[in-house]
Amino acid sequence: MPAIFPRWTNNVPIAIGLLAPLLGAGLIFSVWYWFSPMYTDVGYRPEQPVPYSHKLHAGELGIDCRYCHNTVEQAAHAAIPPAATCMNCHDLVKTESKRLELVRNSDKTGEAIPWVRVHQLPDYAFFNHSSHVAVGVGCATCHGRVDQMVVVEMKNPLSMGWCLDCHRDPKPALRPLDQVTNMAWDASTMQYDPDRDANRKRKVNPPTHCSGCHR
Amino acid sequence: MSTEKYYGRDYWRSLAQRELSHDDAADSWSEFGTGPSAAAPRAGLLNVIGNKPAGDDPEESLSLADIAPDAVSRRRFFSVVGASAAFAGVTTTGCIRKERENILEFGSRPEDMIPGRAMMYASAVQIGATVEGLVVESQDGRPTKIEGNAKHSGSQGATSVWAQASVLDIYDPERTRVPVTSEGGGEPASSDMGSARAALTKLVTAAAASGGEGLGL
C-alpha cells in the first residue's frame, strides 16, 4: 500500500499542538487589548445632523456649558438642549441659515432632531452627573476640551478601569467648585489642594465598592 | 507498459503510453449528453432560452455563446448573492464597531421637566362614589406609577386596586384623541382644536359678561 501522505506531514499534529495554544492566547490577548473601550470608543466622532460647533459657541462665544446642558446640576442625565434653547438666539441670529433648517423645523413642529449620542455608558452602570459636578469634577476632566471641538468626539474611554482610577484617588481630578465649567482651568499650573479649600464643606469620598455603580 | 490502475485512474509515464491507454471518446464524454445543457456539463448553466430534451441530434449541440451570451454560471451567481448578503448582514447589523444611538430631545421642553428624571403630580381619581387622592409618577410626560397622596384626608396615602389600575386609563386606545363636541344636544362628533378653542373663547367671554352666572363645569 503506497503512502498517501508525504513524510513531512508526520510533524503536523505536533505543530498544531504547539501553535494552537499560542494562537488561542494571542487571540484572547488581542481581543482584550484592542476591543477594549480605549481602542473602540476613544476618538469616536459621529457626524451630527446639525453641524453644531462647540468651538464656536462654547469656545469663541464663551457660552457656559450649563446654559444648554442645564440639567447637569440637578439630575443624573445632562440633557441636550431642546430646539427652543437654540432659538433663543437664532430667532435673531442667522435666521435664514440652511444649516439651521432642522433646528427651526424642530422648534416649529416639535419633531426631534436626531442627534447621535457620543458618550454612552451601558445600562448596568449607574452614573450621576449632579454628584460629580457638585463635588468639583470639571467638565473637561472627563469630556476633554469640548470648547475646542468642532465636532464632539470622545476623548476618554469611560471604562470601568478609567473611572476607578479616579475614584481611588480623586484629588488630582478635583478643582474649585466655581471652576467646574471653566475649560481652560489647568490643574498643573493651579496647584489646587481640595483639603485646604474653605468652600468645601464635606470630604470627597467616592464609592469604590461594587454597588457604588452597579445598583 | 503496465496499465495498472491506482485509485481508479490510469497513470501514464510517457506520451506514447498515454496514446495506448487513452481514447478521446472517453475523455470528451459529457455528463449530460448532447443538447443545450451539454455545453457546460458540470457548471450548471442557467438555461435562459428553455429546456431542450436530452438526446437531441448531437450535431445540433449549441455552445454557451450561442444560447445566452450573458449567461452566468449557477455557481458564480450563488456565490455572488451569498457574498453580498453576508456583507450586508455584517455591516448593517452585527460586527460593527459602535452602533449609532440617537438622542431625541423636545422641540420645546416643558418647564421643570428633566429627561430621565421622574416628575410627581398630585391628582385624584373617582372610584364609584369616592375620590382618592393620588401622587402620579410621570417619566418624560408618561404616567407610570400611582401612589397614594398622604396629605389626602380620605385615603391618607392608601390606594385601592382600581386606583392603581387607573394608570392604564390614560393609555386606553379608546380614549379620544381629538376634541369631541355634541353641540346642540346632537350626536357627539369629532372636532378639532381650532373649533374647540373658538367655542371655549365664546363660552369664556359670555361668562365674563354675566359674571360667571349659569356656567358649570
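In case you missed it, the structure is sitting above this.
The rules behind these values
Residues numbered from 1 in each chain as written. Chains lettered and ligands numbered in written order. Predicted model: local features only at pLDDT ≥ 70, side-chain atom pairs only at ≥ 80, totals over all residues. Heavy atoms only, no water. Helix = DSSP H or I, 4+ residues; strand = E, 2+ residues; numbered from the N terminus. Buried < 20%, exposed > 50% of the residue type's maximum accessible area, 1.4 Å probe, protein only. Contact = heavy atoms within 4.5 Å. Areas by Shrake-Rupley, 256 points an atom, 1.4 Å probe, with all protein chains shown as cover. Pairing = 2+ DSSP bridges. Axes fitted to C-alpha atoms, helices over the stretch in contact; angles between N-to-C directions. Arc of directions from axis to C-beta. Expected span 1.5 Å × (residues − 1). Polar contact = N/O pair within 3.5 Å; in protein donor to acceptor, adjacent residues only side chain to side chain. Disulfide = S-S within 2.5 Å. Salt bridge = Lys/Arg side-chain N within 4 Å of Asp/Glu carboxyl O. Parallel < 35°, antiparallel > 145°, perpendicular 65-115°, else oblique. Left-handed = near helix turned anticlockwise from the far one by under 90°. Nonpolar A, V, L, I, M, F, W, Y, C, P; charged D, E, K, R; others polar. Buried area = accessible area lost by both parts, 1.4 Å probe.

Summing up its helical and strand segments, chain B has six helices and eight strands in all. When each of the 217 residues of chain B is scored for burial, the buried share is 15%. Long-range contacts, defined as pairs at least 24 residues apart, comprise 23% of the intrachain contacts of chain B with a sequence gap of at least 6. Total accessible area on chain B is roughly 16800 Å²; 56% of this is exposed by carbon and sulfur atoms.

In this section: the sheet that holds strand 5 (residues 130–139) of chain B. All names here are of chain B. Strand order in the open sheet made by the three strands is 4-5-6, with antiparallel pairing throughout. In the strand order of this sheet, the two ends are held by strand 4 (118–127) and strand 6 (142–148), each with one partner. Taken pair by pair, the neighbouring strands of this sheet meet at an average axis angle of 35°, ignoring direction. Both strand 4 and strand 5 contribute to a ladder of ten bridges, which runs antiparallel. By the bridge assignment for strand 5, Ala 118 is matched with Gln 139.

Next up on the list: helix 6 (residues 101–109) of chain A. All names here are of chain A. Looking at helix 6, one finds that the buried residues are Val 103, Arg 104 and Ser 106. For helix 6, the angular spread of buried residues about the axis comes to 160°, placing them on one side. For helix 6, the exposed residues set more than 90 degrees away from the buried face come down to Lys 108 and Thr 109. As for helix 6, its buried residues are in contact with helix 5 (83–90). Within two residues after helix 6, Gly 110 carries a phi angle of roughly 85°, on the positive side.

Let's shift gears to helix 6 (residues 193–210) of chain B. Residues and elements named next belong to chain B. In this model helix 6 runs 26 Å from its N-terminal to its C-terminal C-alpha over 18 residues, within 8% of the 26 Å that 1.5 Å per residue would give. For helix 6, the N-terminal capping position is held by Asp 192, with its side-chain oxygen 3.1 Å away from the main-chain nitrogen of Gly 194. Where helix 6 ends, the next residue or the one after it, Gly 211, has phi of about 75°, a positive value.

For the rest of this paragraph, the subject is the state of the cysteines. All names here are of chain A. Following the criterion strictly, the structure yields zero disulfides over all chains and no others. Lacking any disulfide linkage, Cys 68 is separated from the closest cysteine sulfur, that of Cys 86, by 6.5 Å. Of the residues examined, Cys 68 reaches a relative accessible area of 16% and is grouped as buried.

This part covers the pattern of salt bridges. Residues and elements named next belong to chain A. Summed over all chains, the structure comprises ten salt bridges over all chains. Lys 155 is paired through a salt bridge with Glu 153; the nearest N and O atoms lie 3.6 Å apart. Look at Lys 155 and you get partly exposed, because its relative accessible area is 39%. Salt bridges sharing common partners tie together Asp 64, Arg 66 and Glu 73.

All names here are of chain B. Relative to strand 6, strand 5 runs antiparallel, the two being bridged by six bridges. The residue bridging Glu 137 from the neighbouring strand is Lys 145, located in strand 6. Adjacent in sequence and paired antiparallel, strand 5 and strand 6 are bridged by two residues, among which Asp 140 carries a positive phi angle near 55°.

The next subject is the packing of helix 5 of chain A against helix 6 of chain A. Residue and element names in this part refer to chain A. At a minimum axis separation of 9 Å, helix 5 and helix 6 run at an interaxial angle of 115°. The angle between helix 5 and helix 6 places the two elements in the roughly perpendicular class. Of the two possible hands of crossing, helix 5 and helix 6 adopt the one that is left-handed. Across from Ala 83, Ala 84, Cys 86 and Met 87 in helix 5, the residues of helix 6 making contact are Val 103, Arg 104, Ser 106 and Asp 107. In the contact of helix 5 with helix 6, the residues fall into five nonpolar, one polar and two charged.

This paragraph deals with the interface of chain A and chain B. Each partner contributes residues to the interface: chain A has 30 residues there, and chain B has 17 residues. Between chain A and chain B, roughly 2000 Å² of surface is buried when both sides are summed, and carbon and sulfur atoms account for 55% of that area. Counting every contact that joins chain A to chain B gives zero salt bridges. Between chain A and chain B we count ten residue pairs in polar contact (both at pLDDT 80 or more) in total. Going through the elements one at a time, helix 2 (37–40), helix 5, helix 6 and strand 1 (114–116) of chain A are the ones with two or more residues in the side of chain A that touches chain B. Looking at which element gives the most residues to the side of chain A that touches chain B, the answer is strand 1 of chain A, with three residues. Grouping the amino acids of the side of chain A that touches chain B by side-chain chemistry returns 18 nonpolar, eight polar and four charged. Where strand 1 of chain A and strand 3 (residues 102–104) of chain B come together, three bridges link them in antiparallel fashion. Bridge assignment links A:Trp115 to a residue of strand 3 of chain B, and that residue is B:Ile103.

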